[in-house]
Every structure is written in structure tokens, then in C-alpha cells.
Amino acid sequence: MGETHRDQAAVHAEVLILGGGPGGYTAAFRAADLGKQVTLVERYPVLGGVCLNVGCIPSKALLHVAQLIHEAQAFERHGVSLGKPVLDLDKIRAWKQSITKSLTQGLAGLVKQRKIDRIEGVGRFTSANSIEVQTESGAQTVTFDQAIIAAGSQPVRIPVFPNDDPRLLDSTDALELETIPQKLLIVGGGIIGLEMATVYHALGSEISVVEMMEQIIPGCDKDLVTPLHRRIKKQYDNIWLQTRVQSIEPVEEGLKVFFEGKNAPESELFDQVLVAVGRRPNGTLIDADKAGIVVDETGFIPVDKQQRTNVPHIFAVGDIVGNPMLAHKATHEGKVAAEVVAGMKVGFDALTIPSVAYTDPEVSWMGLTENEAKQQGIDYERAVFPWAASGRSLSLGRNEGLTKILCDKETGRLLGAGMVGPNAGELIAEAVLALEMGADAEDIGLSIHPHPTLSETFAFAAEMISGTITDLYVRKKGQ
Amino acid sequence: MALTEIKVPDVGNVADIDVVEVLIQPGERIAVEQTVAVLETDKATMDLPSSAAGTVKEVHIKAGDKVAEGSLIATLESSGGTKPAAEPAAAAAEAEAAPVESEESAPAKASESAAEPTVREPEESLAAPVPQPAPGSSRKAHATPSVRLFARELGVDLSRIESGSGRKGRILKEDVKRYVKQVMSEGAVAAGSGIPPIPAVDFSRFGEVEEQPLNKIRRLTGKNLSRVWLNLPMVTYHDEADITELEAFRTSHNAELADNGVKLTGLVFITKALVAAMQQFPSFNSSLSADGERLIVKRYFHVGIAVDTPNGLVVPVLRDVNRKGIYQLSSELSEKSQLARKGRLMPADMQGGCMTISGLGGIGGTGFTPIVNAPEVAILGVTRARMQPVWDGEAFQPRLMLPLDLTYDHRVIDGAEGARFIEAIKNYLGDIRRLLL
């Protein structure tokens, strides 16, 4: 036996986790805490996946830099002049790396404390109970009783683009902050594209955004996106909607981009182009077929509420099982999968997965969107509280924010909420809690919110539904 | 212009009353006694009459709501005139309701006035363990994540728990536990019977069919009857009472009366005779305790009268029959039958019976086997009286004979006692002067 194993002898795991991102490490930790012997396979030397290394965390570090620059500029007209910012890219990069490093080190410590075996390398299934990991020192076979796949996703590449040209970036490249291009085109007006636009704009790039759909951040209610759109329209060179990039031609001076669509020029030259048109699941990269796992044509692995694939002892979590590709969805799913693996009777039962765009202003939403409510014919009542009436918002020098809530017309129960404005991403958590607890507008309005805070706007919107608001004058229906 | 509130009256300690239909709208002028809504309990559907006249300002309920005593139905801008405290008893103008309940009075008048809704579609039965989808909407169960997790562990579908005991009906852990207990205890009864269900048949293979949903009364009656059928060892005993003299007295009395006064029905005498027999044999006026260890003997004498209505069988109860005279009982019976047919009986009108009389007299038949209205222990069935030749020892005499069918719970009543009970009733009906003794 083992004639092909020129390398290490096979090892066995009660639970094998494939992928060390938020979904994978959460599943690994939870399973270990429930008494399982866990082996975690991750291709990179650091854990944390896209989120920690080339996604959520580094982008937020850079967005904070952007916020500092924007706020400093904004307060010049209110009597605070800090002068033109001097940027030391190396230092900014180092600071960003240090955050990532401290977090990944923290994870490595948690792995050790839990006595989880870690194998570094790309893992692929060889059967329904074994996987082969290409490690630095050769192939390592791991047999397992149960497995949880958390192999994530990667940025979508568009084949016709000059993908080898270093001036064509994906989000990972953009976060490297190698240079600050003078003219940057962002292909894709979704959350990732607009966050990177925010960063590069603050660092001095002239930004153009091109989006195929008729609004930026498609999927979010338009009224929530409008304040962001208005603001960036002034800041950026162009926002082309309902426009697609036909081709990109590398020339010496830059990348010549050809457009097709409304109001867009035929072509324009950019120093760099960032492609942020979405992410693609890695389902096709793990030889799932050898384990008999069904993978759909997009690369997603279908699972049930217990995160179970069609193979009963193999589970999958995170980006690889479906949209939205968000770390907080992956971690929640990771826990469910680990608990099911440990024999607990649980399931993915969350009522909502909140979404946040860390743009400036931030946009966040959860639960039912108004678009969905209309499509599904749900009878809802809606209230929108303008932050122009929030003292806290005005004292931040901002007045464009909104807090919107949707409630069941009959019971007043919260169905959905959305916010736009500084810190909207933090504020949405309260709405999620309210939704999960089954709160109605009255409950929210009757909960005392500290003054002056932005969080008050959520209670005010609820009071608008209940008809008890005093911070605004709302004409009663029929008067 | 005063504002008047219409509320749900005392309907006899019933909590969840379904609103089946609301028949008024804001702006509409309504009169006293006009039906404002159709309510339904597990016992009956009832039309809720307005307690005042006026213009409807606001309606506070809608179909599918649950209400209880005191719930606000509507606000009226009243134009004066609230309902007088007590209605003058509808002077039994009702045609004599056939010696023993009725055929012709029943289905005919169902849907005459607008106040009489024809279709009464109950939204949903009580928190029944019967697998049924969640009420109405796609609305999610009102339970927090930890309770949802708990329910999942126990395999409870939260949509089956209609309303929790938490604030605003939030389902709490205790509600999930209670539901599980309830299902388990009911399941035990069902499982205990060990009877395989009747298999489903696709009748459309044999010809055209039409599906008609059962109304709530019918569904609940069916459930109740099955439960009794499975739980009670029942015996039915048949006999005949000679009511020749009684009938002669009754018809001559009614003839003298002409137009005014209370016409007497045979049913009232049967009720009176039944109660006299119950006084003599107290075990017939009893119920078995739930654990089957004790007999609960009642010191009051309330008799249920089964009434056939367009919406199904209902059983109004005549109270304290032992203390009331024939006239009073006659007018009460006539009033309650009328209310029953109009769907206006309140649950309180149907509670507290000690024994039930079920009559098919208006239709025909020579005997049947009624099912005991448990937890009562016996039921008296009555079919149509017939003139029959009765041997008096020397010759056949034409006698009016009334068939009686007594079904009793054999756990409580022995065969001999049953026979003696019927003998007593026969005695009273044979010579009603004995009722005075």
C-alpha cells in the first residue's frame, strides 16, 4: 500500500476543514470546542482568508485613512486647516500589514490553544473520505470521518481583458497600494468597487466608475444609495451607469478602455483599471467530483439548512455555498456546520444577513428591502428619518443620511431597515437584533436611545411608524 | 353625538373567539340588533348584534382576528337609543317546534337577510396538532433566535403555535414545551386506539367530484364525536313510552289557547320527565373524573337539546329544569331554538349540560343509537311517535307510542339501572300527574 505516497504517511482527522478563512477557522474552532479532533487545511501560511488578508480588514484600514483625509478637508471651511496631507505610502502599507499580522497571529494562537492540526497547502479531494494536500514538502493524504469545505471565492476575471497587464488590478492588487494612479477606472459599481474608489479618491486619484446596472450598489434600495451617489458624483470624474466595458487595450501611456452604453465616451485612457465585478466561488478547484459532491455550473456547492452537501458527511460553508459572499455569513454557517458535525440539532435559521458598504457615506441594510417587499407583494409601512434632523449628524458636518425602516402594516413588526450616512454600518446591528427578536415599531420607539447619537435615528424612524415622533412634524394621514 | 363602543359581550368564559366576517364598514349607518360581525368559537358560529344604533366611525377588528369578552369591535357615533337591557322574550310565537325537534324549520331560512352570512369559512382551527400550514400569511413565527433553536432541537414547527404567551404573542420557550406536552398527550390517545387511518382515495378517478371545506362546527363536532366513540364503552337501550294521554292533554291545551299564550311541545314534557328520572337516579346526572377514579354527581339539572341548524348540530342548554314550570321551559326552548337557527347562540348558552336529548321526531324512524355527549354519561334519543296496536290483555288498543333510545356510558351505568331509568321516564310520560308527586 501507499506506493504513490512518496511523501508523508496518511493522517486521519475526525473533522477535516478545507480552508482557513472566517468560515473555515470558525468551523474548526467550534468543532474542536465540541470535542472533535480537527485538521485544518489552508493553502497560505496565514489564516484568515480573503477577509483578514486581502479583503475586509485591510480595506477598512485604508478606508479609515480615506476618512481622515476627507474629514480634514471638509473642516477647512469650518475653520480647521490641517494643510495638504502628506502621504507616506510605505508607512500606510506597513500599518495596514501590522493590523493583518496581529489578527492572523491571534488566529494562529487560537489554533494552537485548541490543539487543531494545521496543514499548509492546496487540498483536493481524492475520495469521499480523503483529501490530498500539496504541501511544500510533498503530497500529504488526510483521511477524514467528516469534512467541512470552506474554500471560498476569488475575484471574477473577465477573459477578454488584458489580465496580465500590471495596470489591470483586482481588489487584492488594489489593496497592495503599489502606486497611486492619476486616473483610475473602476469597473463595477458594487460595494467592493466603491470602497476602493473611496480609498483611491482620498489618496489623490481621479476616479471613474462604470456600472452595468441602472444604479450603483445594485440590490440595495435606490433611496438609500442616492445620498452616496450624489456625494461621489461631485467627487469623481465620472459615474457611468448602464454602461459596459467592451474592451481594454493596453497602450504605452496607459489602458485604453472602450465603452458601450449611456452617456459614456467611446473610449478613454486610464492609468490603471480596477476590475471589481464580483467574486466567483472556488467549487471547481477542489476536485469535489472525486468525493461525489455536487457543484453547480457557477462553482457553488448546494447545501441544506444544516450546511450539508449531497454527501451526508461532507458540509460546506461561506462563499462557496452561495451569495451573499460575506464573512459574517460564513462564520455563522461555520458554527452551524461544526455543531451539526458534533451531533447537535441546529440549522441556519437567521432571519437576515446584513449588508454594509463602507463607502462615504456608509450604506447598510438588513431584512426585507423595499424592492423585495414590492416584488413579493408584502403589505408594509415605511418610515424614513432624515439625518438632517439629527443633531449628532449635523455636528459631524453631515446632513445627507437617512434611516429607513419597513414594518408589517398589520402588526408593526420590523421587516427590514436600511441606513445611509457616517457609521451606518455600525448602526444596522441594532436593527438586526430588533428583527431577530421580533420587535415592532413600538418596541423600538419605546427603547430609550442615548442622545445625541446617530442610533437615535433608528428609534425616530420607528416612532414615525407608531405616530409618536416629536423630533419631526409628520402630517397625519388624511389630514 | 356621543361615541359608543361596541364590544364583545360575555359569551361564557371563552378566550379565543375567531372573527369570521365583519359586516360593517366605517361610515355605514347601523341599527340596534343589526349583525356587525360573525364570530366563531369551537362550539358555534354566532352573529354579533349591535348594542346601539349609529354611524360606524371605526371598525377595530377584521376577519381572522381573535377576540375575547370585552374586545372592542367598533366605535359608533350614536344617534341615541341603545339596546334595552333585556329583550322581551320572543313570545314563543314560533310554530310548535314539532313534538321533538325539527326538520322544516331548519335549512330554509339560512340566507335570507344580509345579516345572515351564508358562507362561514373559519380561518383556522384552534392550536390543533393536526398538520396544517401556518395561518394565512407568510409571516414568520414571532420567536427569538434562542427559542427558534430550542424548537428546532425538539422538532417543533413554530408556525403551529398560534400565539405565544410572551409580550405581543411572542413564543417563549415555555410555549414550545407546552405545545410538545400537548401534542404528546393527544398523540397518546390517538396512538392508544391503534386504529389505522382510512386511506385517501382519489375519487375523481370515478367521476366528477367537488371539494367542500367543512365549517368549524362540523370539524369540531366530528373530532369530538370520534373522541367519544373511541373513549366510551356505550350501550344503547330501546323502549317505547305510551304518550296517548299526554298528547291528548297537550293538543287540547294548545287548542284552548287559540292565539295567545304559550303553545306546549312534547319535547318540554320529555325534558321534564327526563329530569324527574335523573332526580331519582343520580348516576345519570354525573360525570366520570378525567382519571376515571371518581364520579362527580351534580346537584343541578341542566338539559342540552340537540338542534339541527344550517351550520351543523348545536346543543343549547336549558338550565335548572327541575325548578321551572312547563310554560317557562316552553318559552325558553323556543327562544333558544330560534337563536340556534339564526346562529346567535352564545357559548354560555351551550355550556353546563347534564344530559342531552337528541330528537329526530319530525323526520321519522323507529329508533337509533345516539352518541353520548361526554363528559355527560347518557343521552336520550327520541324518534317519531306512532299510533300502534297495544295489547291490553284482552284486546289491541290504539296507543300513541313514543320510541326512546337511551345510550349510556357503561363504565358509570349498569344495564339494569338503564332499564329502570327508562321505566321511570315511561311512567312520567304515561301519566304526567306523577311529575307533581
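The structure displayed is predicted, hence computed values, not measured ones.

Chemist: Looking at this structure, how should I read the overall build of chain A?
Modeler: Looking only at helices and strands, chain A features 13 helices and 22 strands. Split into buried and exposed, the 479 residues of chain A put 46% on the buried side. For chain A, the proportion of contacts with a sequence separation of at least 24, taken over those separated by at least 6, is 65%.

Chemist: I'm lost on the overall build of chain B in this one. Help?
Modeler: What chain B contains, in helices and strands, is eight helices and 19 strands. For chain B, the residues scored as buried account for 33% of the 437 residues in total. Taking as baseline every contact in chain B between residues at least 6 positions apart, the subset at least 24 positions apart corresponds to 68%.

Chemist: I'm lost on the confidence of the model for chain B in this one. Help?
Modeler: When pLDDT is low, close inspection of the predicted coordinates is not appropriate. All names here are of chain B. Considering every residue of chain B, the mean pLDDT works out to 79; 81% of them sit at 70 or more. Predicted confidence for residues 80–137 stays below pLDDT 50, and this span has 99 contacts to residues more than four positions away or in other chains. Note on the complex model: pTM 0.61, ipTM 0.71.

Chemist: When you look at unusual backbone geometry in this model, what are you seeing that I'm missing?
Modeler: If a residue is not glycine, its phi is most likely negative; likewise, a peptide bond is most likely trans. Cis geometry is adopted by the peptide bond preceding Pro452 of chain A, which originates at His451 of chain A and carries an omega value of -5°. Of note, the amide linkage connecting Ala374 of chain B to Pro375 of chain B takes the cis form, showing an omega dihedral of 10°. Looking at the secondary structure, you find Pro375 of chain B in the loop between strand 16 (355–359) and strand 17 (378–382). For Asp287 of chain A, which is not a glycine, the phi torsion comes out positive at approximately 55°. In this fold, Asp287 of chain A is placed in the loop between strand 16 (279–281) and strand 17 (314–316). Its 15 C-beta neighbours within 10 Å are what place Asp287 of chain A among the partly exposed residues. Positive phi is not limited to glycine here, since Lys168 of chain B has a value of about 55°.

Chemist: Would you take a moment to explain the packing of helix 3 (residues 56–74) of chain A against helix 4 (residues 89–113) of chain A for this structure?
Modeler: Residue and element names in this part refer to chain A. Across the interface, helix 3 lies against helix 4 with an axial gap of 9 Å and an inter-helix angle of 140°. In terms of axis orientation, helix 3 runs oblique to helix 4. Every pair of crossing elements has a handedness; the one defined by helix 3 and helix 4 is right-handed. Residues Ile57, Pro58, Ala61, Leu62 and Val65 of helix 3 lie in contact with helix 4, whose contacting residues are Ile92, Trp95, Lys96, Ile99, Thr100 and Leu103.

Chemist: I'm lost on the sheet that holds strand 13 (residues 254–261) of chain A in this one. Help?
Modeler: Residue and element names in this part refer to chain A. Across the sheet, which stays open at both edges, the three strands sit in the order 12-13-14 with antiparallel pairing between neighbours. Both outer strands of the open sheet, strand 12 (243–251) and strand 14 (267–270), are each paired with one neighbouring strand and no more. Across the sheet, the mean angle from the axis of one strand to that of its neighbour is 25°, orientation sign disregarded. Pairing of strand 13 with strand 14 involves four bridges; the strand directions are antiparallel. Note that in strand 14 the partner of Leu255 across the bridge is Phe270.

Chemist: Is there a simple way to explain the interface of chain A and chain B in this structure?
Modeler: Accessible area lost on assembly of the parts is the figure often given for the size of an interface. Of the residues lining the interface, nine residues belong to chain A; the matching set on chain B comes to 11 residues. Taken together, the residues of the side of chain A that touches chain B sort by class into three nonpolar, two polar and four charged.

Chemist: Help me out: how do you make sense of the pairing of strand 15 (residues 272–275) of chain A in this one?
Modeler: Along a regular strand, successive side chains alternate from one face of the sheet to the other. All names here are of chain A. Of the two faces of strand 15, the one carrying Gln272 and Leu274 and the one carrying Val273 and Val275 are both buried. Pairing of strand 8 (residues 168–169) with strand 15, which is carried by two bridges, proceeds in the parallel orientation. The partner of Leu168 across the bridge, within strand 15, is Val273.

Chemist: Teacher, can you tell me more about the nonpolar core here?
Modeler: A general trend in soluble globular proteins is that nonpolar side chains are found buried together. The biggest cluster of nonpolar side chains holds 133 residues, and the ones touching the most others in it are Ile17, Ile148, Ile149, Val273 and Phe315 of chain A. For this core, the element with the most residues is helix 6 (residues 191–202) of chain A, which contributes eight residues. By size, the runner-up hydrophobic cluster in this structure holds 73 residues, among which are Ile73, Leu232, Met350 and Val412 of chain B.

Chemist: It is not clear to me how the environment of Asp414 of chain B should be interpreted in this structure. Could you clarify?
Modeler: Residues and elements named next belong to chain B. Along the chain, Asp414 turns up in the loop between strand 19 (396–409) and helix 8 (415–430). We classify Asp414 as exposed; it has 12 C-beta atoms within 10 Å. When the C-alpha atoms of Asp414 and Val235 are compared, they prove to be 9.3 Å apart, with 179 residues separating the residues in sequence.

Chemist: What's the story with the sheet that holds strand 18 (residues 355–357) of chain A in this structure? I'm lost.
Modeler: Adjacent strands of a sheet form backbone hydrogen bonds with each other and so pair up, either parallel or antiparallel. Residue and element names in this part refer to chain A. Pairing within the open sheet is antiparallel, and its five strands lie in the order 18-19-22-21-20. Looking at strand neighbours, the two that pair on one side only are strand 18 and strand 20 (380–386), the edges of this open sheet. The average undirected angle you get between the axes of adjacent strands in this sheet is 10°. Its contacts with the sheet place helix 13 (residues 456–466) against strand 20 and strand 21 (402–408), and it is angled at close to 135° to strand 20.

Chemist: What exactly am I supposed to notice about the environment of Leu18 of chain A here?
Modeler: Residue and element names in this part refer to chain A. The residue Leu18 is located in strand 1 (residues 11–18) in this model. Residue Leu18 is classed as buried on the basis of its 30 C-beta neighbours within 10 Å. Between the alpha carbons of Leu18 and Leu40 there is a distance of 6.2 Å; along the sequence they are 22 residues apart.

Chemist: It is not clear to me how helix 1 (residues 22–33) of chain A should be interpreted in this structure. Could you clarify?
Modeler: Turn by turn, an α-helix covers 3.6 residues, leaving residues three or four places apart pointing in a common direction. All names here are of chain A. The end-to-end C-alpha distance of helix 1, which contains 12 residues, comes to 16 Å, matching closely the 16 Å that a straight helix rising 1.5 Å per residue would cover. Judged by how many residues are buried, helix 1 sits mostly within the fold: 11 of 12 residues are covered. Just downstream of helix 1 lies Gly35, where phi reads positive at about 95°.

Chemist: Help me understand the pairing of strand 19 (residues 362–367) of chain A, please; the structure alone is not making it clear to me.
Modeler: All names here are of chain A. Here strand 19 lies mainly inside the structure; six of its six residues are buried. A loop of four residues connects strand 18 with strand 19, the two strands running antiparallel in sequence. Where strand 19 meets strand 22 (residues 414–421), six bridges bridge the pair, whose relative direction is antiparallel. Along strand 22, the bridge assignment pairs Glu362 with Gly421.

Chemist: For this particular structure, what's the right way to read the packing of helix 6 (residues 266–280) of chain B against helix 8 of chain B?
Modeler: For any two helices packed against each other, one specifies the inter-axial angle together with the distance between the axes. Residues and elements named next belong to chain B. Look at helix 6 against helix 8: their axes get within 9 Å of each other, and the N-to-C directions meet at 135°. On the basis of the axis angle, helix 6 is oblique to helix 8. The handedness of the crossing between helix 6 and helix 8 is right-handed. Contacts from Phe269, Ile270, Ala273, Leu274, Ala276, Ala277 and Gln280 of helix 6 reach helix 8 at Phe421, Ala424, Ile425, Tyr428 and Leu429. Taken together, the residues that form the contact of helix 6 with helix 8 break down as 11 nonpolar, one polar and no charged.

Chemist: For this particular structure, what's the right way to read the confidence of the model for chain A?
Modeler: In the predicted model, chain A carries a mean pLDDT of 94, and the fraction of residues at 70 or more is 98%. Every residue in residues 1–5 of chain A is under pLDDT 50, and counting partners more than four places away or in other chains gives two contacts.

Chemist: Looking at this structure, how should I read the environment of Glu362 of chain A?
Modeler: Residue and element names in this part refer to chain A. Inspection of the secondary structure puts Glu362 in strand 19. C-alpha of Glu362 to C-alpha of Leu228: the two residues are 134 residues apart in sequence and 7.8 Å apart in space. With residues up to four places along the chain from it excluded, the contact list for Glu362 reads Val356, Ala357, Gly421, Pro422, Asn423, Ala424 and Gly425.

What counts, and at which threshold
- Residues numbered from 1 in each chain as written.
- Chains lettered and ligands numbered in written order.
- Predicted model: local features only at pLDDT ≥ 70, side-chain atom pairs only at ≥ 80, totals over all residues.
- Helix = DSSP H or I, 4+ residues; strand = E, 2+ residues; numbered from the N terminus.
- Buried ≥ 20, exposed ≤ 12 C-beta atoms within 10 Å, placed from the backbone.
- Contact = placed C-beta atoms within 7 Å.
- pLDDT = per-residue confidence, 0-100.
- Axes fitted to C-alpha atoms, helices over the stretch in contact; angles between N-to-C directions.
- Parallel < 35°, antiparallel > 145°, perpendicular 65-115°, else oblique.
- Left-handed = near helix turned anticlockwise from the far one by under 90°.
- Pairing = 2+ DSSP bridges.
- Nonpolar A, V, L, I, M, F, W, Y, C, P; charged D, E, K, R; others polar.
- Core = buried A, V, L, I, M, F, W, Y, C linked by C-beta atoms within 7 Å.
- Expected span 1.5 Å × (residues − 1).

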